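# Breakdown of the fold
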Amino acid sequence: MSRRIRVGVIGAGAWATVTHLPAIAADPDVELVVVNRRSVATARAIADRFGAAHATGDWQEAIAMGLDAVVIASPPNVHREQVLAAIASGAHVLCEKPFAIRAQDAWTMAGAARSAGRHLLVAFGWNYMPLMTSARTLMREQRIGEIEYVNIAINVAVRELLTRGIPYNSATGGIAPQAETFVEPAISGGGTAPVTMSHVFGLAAFLTGLDAVDVHCRTVDARPGVDLHNVMSVGYEGGAIGAFAGTGSHESVPRVEWHVSIHGTGGQLLVDSNHDEVVFGPPTGTPIRAQLPPGAGVYDPRGPILELLSVAKGGAPTDASPAVMGARTVELVEAALRSAASGRVEPVRADRPAWA
């Protein structure tokens, strides 16, 4: 490389300080130019900690600094404005999830990146994990065939956060999470559905490539507009069906729990994150187990930021977390919440552009 790539982080908070910023600071080919946060004093402290030259409370000022790549780690209600500005500046962008509250905004962002020839990634970190990449590899190598049924359940320790506004107790790099980011519907879009189920639908898309048509959803709410637990029945193009569940567990749950079951004409796949296990069951004979190290099911969220840095250096993007995948998760979550309110099966693709 002729020079180091220039990177900025917008909305640097608890998650950015334990995920994005350490990865940026550790790369010798990257210059961390600017850190943005509403509190200038906190932004300055974060900038000093990770070696950024600039700190500002004005995100527009940060984007105007001639950046090659921008991380948008702010709340989802401001993603559209910030992502569009970053793309217009010529930067490649990584946007945290939820990608957006409304599908129309998500597709607008994806369309802007497409038109500008910029790469826009969404932070689906699980899609980079060996637990999940080995699952997809097994499905393809063993020829799972036409997928008929997908079942994914996830348990995440956010019950206290969603019910009482108490920030989660996982490592936060010294920066406390802002509870309102998760429990104010106008900021987050809801509770478990946008924050957690976007991971689920992103993973389902990554593993299967299926495209949702309609959804029926029921929820148990922590408060009005904030779902704590939900179950969703999804119909896919081609006739496959899916059953999905998200649970806001108590803090005693030691790590995110995934239970995945995918059934096709050529066999079935099972993923159990608690036991670091991926198994493919052929129609007959002995099940095939992926060879995984202990702790393979413990979340390492650095995949998306490492891909952003790679893309900014000229590397090719993967298919693990593209903006189109992000937009499809938003439209599915939005339709699910409409279904929970109406009690009916709701269509998914109402705001999808013709090119998608």
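Before any of the text, the structure's been laid out above.
Residues numbered from 1 in each chain as written. Predicted model: local features only at pLDDT ≥ 70, side-chain atom pairs only at ≥ 80, totals over all residues. Heavy atoms only, no water.

## Considerations on the overall build of the protein chain
Scanning the protein chain from terminus to terminus reveals 13 helices and 15 strands. C-alpha atoms of the protein chain, sized along the principal axes, occupy 60 × 45 × 45 Å. Within the protein chain, counting contacts between residues at least 6 apart in sequence, those at least 24 apart form 68% of the total. As displayed, the protein chain has an accessible area near 14,600 Å², and 52% of this comes from carbon and sulfur atoms. (Helix = DSSP H or I, 4+ residues; strand = E, 2+ residues; numbered from the N terminus. Contact = heavy atoms within 4.5 Å. Areas by Shrake-Rupley, 256 points an atom, 1.4 Å probe, with all protein chains shown as cover.)

## Observations concerning the layout of surface pockets
In this model, the second largest pocket occupies a volume close to 270 Å³. Around the second largest pocket, the lining comprises 21 residues; the ones closest to its centre are A205, F206, L210, M325 and R328. When residues of the lining of the second largest pocket are traced back to their parent elements, those giving at least two are helix 7 (130–141), helix 11 (192–208) and helix 13 (323–342). In the lining of the second largest pocket, the residues fall into 12 nonpolar, two polar and seven charged. (1 Å grid on protein atoms, 1.4 Å probe; cavity = no way out; pocket = protein on both sides within 12 Å on 5 of 7 lines; lining within 4 Å. Points joined across faces, edges and corners; volume = space filled by probe spheres on them. Nonpolar A, V, L, I, M, F, W, Y, C, P; charged D, E, K, R; others polar.)

## Side note on the sheet that holds strand 7 (residues 147–156)
Spatial strand order, 14-13-12-11-7-10-9-8-15: nine strands in an open sheet with mixed pairing. Every interior strand has two partners, whereas the edge strands, strand 14 (288–289) and strand 15 (346–347), have only one. Bridge count for strand 11 (residues 257–264) against strand 12 (residues 267–272) is six bridges, and the pairing is antiparallel. Residue pairing in the sheet places H263 in a bridge with Q268 of strand 12. The sheet contacts of helix 7 involve strand 7, strand 11, strand 12, strand 13 (277–281) and strand 14, and relative to strand 13 the element is tilted by about 10°. The strands that helix 11 touches are strand 7, strand 9 (226–236), strand 10 (241–248) and strand 11; relative to strand 9, the one it contacts most, it runs at about 30°. (Pairing = 2+ DSSP bridges. Axes fitted to C-alpha atoms, helices over the stretch in contact; angles between N-to-C directions.)

## A few points about unusual backbone geometry
Leave glycine aside and you will find that most residues have negative phi; peptide bonds, for their part, are mostly trans. Here the amide bond leading from K97 into P98 is cis, since omega sits at 0°, within 30 degrees of zero. For P98, the location among the structural elements is in the loop between strand 5 (92–95) and helix 6 (103–116). Residue R143 is not a glycine yet carries a positive backbone phi of 60°. Of note, R143 is situated in the loop between helix 7 and strand 7. The class for R143 is exposed, based on a relative accessible area of 68%. Non-glycine residue D276 carries a positive phi angle of around 50°. Looking at where D276 falls in the secondary structure, it is placed in the loop between strand 12 and strand 13. Note on D276: relative accessible area 18%, which makes it buried. (Buried < 20%, exposed > 50% of the residue type's maximum accessible area, 1.4 Å probe, protein only.)

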